[in-house]
Amino acid sequence: MLAKIQTSSVSGVDAQPVAVEIFMRNGQLPGFLTVGLPDTAVRESKERIFAALNHAGYQIPPAKITINLAPADVRKEGSSFDLPIAVGLLSAMNILPEKEYPDTVIVGELSLDGEVRPVRGVLPIAAGAGKNGWKRIIVPMQNAREASSVEGLTTYGVRSLKDVIHVLNNHESIEPFVSDAYAADPEPFHDDIDFCDVKGQEHAKRALEVSAAGGHNIILIGPPGSGKTMLARRLPTILPGLSLNESIEISKIHSVSGLIDPGYGLVLRRPFRAPHHSISDAGLIGGGSYPMPGEVSLAHNGVLFLDEMPEFKRHVLEVMRQPLEDGHVTLTRAQASVTYPSRFMMVGAMNPCPCGYYSHPEKACVCRPEHITRYLSRISG
C-alpha cells in the first residue's frame, strides 16, 4: 500500500517541495522507519502521530511502515511534517479515499490529542505552492490568515486531525478560509509615538526627513538626554507605507522566524529593530547550525537602530558591511547555505565622548583628548 502527500520545507525565505511517500507492508515484523535526511524533530514525529491517530479513533496496523521524504538529499527539519505523514498513513490504511492528492499541500504539527498546532514558514510555503500551480493548502488555523494572502490558492485552516479528514473528504462542514490579509486595519498603526510629538530639534528633524526621503543611513551624535533615541524611534512614522510586495517580503522573513502575529496575515508596517549592544555577530546577521534570520534581515524594508554604537563589539559592526552594500546576506554552514534579504535604513546613536559631555554648553567634559579619539575610533569608516 503506497500513499503520497505533498508538503514543503523552508530554505531561507523560499519553499522546497517535499513529497511524503508512505509504504505499508503487512505480514512482516512491525516497524517504523523514516528516511530522507530527517532531523530529530521529524524522527520523533512517530510518537506524536501514533498518539494523535489513536485519539482520533484510528489504530495503526502491525505492519512494516517506511516513510520517504523526497528529495532524499535535502535535509528535513521541524515539526511541520507531522500532519502530512499522518494523512499519508490514513490514505495507506484506506481510511481516506485517495492515495494521492497532487494539488494539495499539507503542513502542520500534531499534538498527542490530535490538535493541529501552528508552525513556522507557512507564508513561504504557500507562496511556493501557488508558484508550483497547486490549488489547495491545508494549514493550522493559526497560520491560515498568512497563507490566505497568496492569490489563486484555496486555504483551509484546520484545528484537528478530524478537520483535515473532513476537508479531504469534501465535507461541507469545513469551508475555505477567506480573509483579506492585506486589509487596511487601522489598529496596527496606532502607536503612542509619532514624529509630530517632537518639539524643537529642527536641525535633527530636518536631517531625519532627508534620510527618510532618500533611504539614507544616519548617525546621531549628542550628549545623554539630547533626544537621540526618542528621534530614532519616531523615524518609522514618517516613512512611506508598505506596498503589497514589500509586505510579503517582510512577512516571509518574520514567518520563518515565527514572529507573525496570528491576528494579522501580513506585516503591515515597516519593522523597527533595536538590538542590545551585547548582541553577537550571529544574532545581528543571522546564524545557527541551520541559519536563521538575524536583525539585519528582520529589519528588511525598515529601520535598524543601533543605540550606543561604540559599545558594540568592533567585529559585530564590521560584519554589517556586506549586508549594507549588497542588500542581502548569505549564510553558509556545513548543512545549508541560505540567503536572506537585508535592505534597511541603519540609524546609529552615540555620545561624542566616553563621558558624553564633550562640547556640551553647560556641563564640562572630563575626558582626555586621547580617550575621546580612542572612543570615536571604535566606529570605523
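See the structure printed just above.
Rules used throughout
- Within every chain, residues take consecutive numbers counted from 1 along the sequence as written.
- A pLDDT threshold of at least 70 governs which residues receive local features in this predicted model, and a stricter bar of 80 or more applies before side-chain atom pairs are shown or counted, although totals over entire chains, interfaces and linings include all residues.
- Calculated side-chain values reflect all of the structure's heavy atoms, with hydrogen atoms and water omitted.
- For the purposes of this entry, the term helix denotes a DSSP run of H or I that reaches at least four residues, the term strand denotes a run of E that reaches at least two, and both are numbered from the N terminus.
- Residue contacts are counted whenever heavy atoms from the two residues lie within 4.5 Å of one another.
- The Shrake-Rupley method, run with a 1.4 Å probe sphere, supplies the accessible areas, and residue values consider only the shown protein chains as cover.
- The charge count treats Lys and Arg as positive and Asp and Glu as negative. His and the chain ends do not count.
- Every charge is mapped onto a representative atom, which is NZ of Lys, CZ of Arg, CG of Asp or CD of Glu.
- Any two strands between which DSSP finds at least two bridges are classified as paired.
- Lines fitted to C-alpha atoms define the axes, with helix axes restricted to the stretch in contact, and inter-axis angles between N-to-C directions lie between 0 and 180 degrees.
- The disulfide criterion used throughout: a pair of cysteine sulfur atoms within 2.5 Å.
- Small angles under 35 degrees read as roughly parallel and large ones over 145 as roughly antiparallel, with 65 to 115 read as roughly perpendicular and the rest as oblique.
- Each residue gets one of three labels, nonpolar for Ala, Val, Leu, Ile, Met, Phe, Trp, Tyr, Cys and Pro, charged for Asp, Glu, Lys and Arg, and polar for the others, Gly among them.
- Any Phe, Tyr or Trp ring, taking Trp's six-membered ring, that has another such ring centre within 6.5 Å forms a pair; planes under 30 degrees apart are called stacked, those over 60 apart edge-to-face, and the others tilted.
- Only protein chains enter the accessibility calculation, which uses a 1.4 Å probe. A residue is then buried if its area is under 20% of the maximum for its type, exposed if over 50%, and partly exposed in between.
- Whether a charge sits over a ring depends on NZ of Lys or CZ of Arg being within 6 Å of the ring centre and within 35 degrees of the ring normal.

On to the overall build of the protein. Along the protein, the regular secondary structure elements total 14 helices and 17 strands. The C-alpha extent of the protein, read off along each of the three principal axes, is 90 × 40 × 30 Å. For the protein, long-range pairs separated by at least 24 residues make up 72% of all intrachain contacts whose partners lie at least 6 apart in sequence. For the protein, the accessible area works out to roughly 17900 Å², and carbon and sulfur atoms hold 51% of it. Here the protein contributes 36 positively and 41 negatively charged side chains, and the mean placements of these two sets differ by 5 Å.

This part is about the sheet that holds strand 2 (residues 14–25). An order of 3-4-2-1-5-8-9 is seen for the 7 strands of this open sheet, with the pairing classed as mixed. Looking at the sheet topology across the chains shown, the edges are occupied by strand 3 (31–35) and strand 9 (154–158). Averaged over all adjacent pairs, the angle separating strand axes in this sheet is 25°, with direction ignored. With 3 bridges connecting them, strand 5 (residues 100–106) and strand 8 (residues 136–140) associate as parallel partners. Directly across from Ile106, in strand 8, lies its bridge partner Ile138.

The subject of this paragraph is the sheet that holds strand 11 (residues 272–273). Spatially, the 4 strands line up as an open sheet ordered 10-17-14-11, and their pairing is parallel. Pairing within the sheet leaves two strands with one partner each, and these edge strands are strand 10 (218–221) and strand 11.

Moving on to the state of the cysteines. Summed over the entire model, instances satisfying the criterion amount to 0 disulfides. No disulfide involves Cys353; its sulfur sits 3.5 Å from that of Cys355, the nearest cysteine.

What follows is about the packing of helix 4 (residues 122–131) against helix 9 (residues 244–256). Their axes nearest at 7 Å, the elements helix 4 and helix 9 cross at an angle of 125°. Judged by the inter-axis angle, helix 4 sits oblique to helix 9. Listed contacts from helix 9 to Val122, Leu123, Pro124 and Ala127 of helix 4 are Ile248, Ser251, Lys252, Ser255 and Val256. Class assignment for the residues of the contact of helix 4 with helix 9 results in 6 nonpolar, 2 polar and 1 charged.

Turning next to the packing of aromatic side chains. What the rule picks out here adds up to 2 aromatic pairs. Aromatic side chains Phe32 and Phe50 sit 5.3 Å apart centroid to centroid with 85° between the ring planes, which places their arrangement in the edge-to-face category. Placement of Phe32 in strand 3 and of Phe50 in helix 2 (residues 45–55) is noted, with a sequence separation of 18 residues between them. Residue Phe32 is classed as buried on the basis of its relative accessible area, which comes to 18%. Overall, the relative accessible area of 26% leaves Phe50 in the partly exposed class. Just above the ring of Phe50 sits the side chain of Lys46; from NZ or CZ to the centre is 5.9 Å.

The analysis is restricted to geometry; functional conclusions fall outside its scope.
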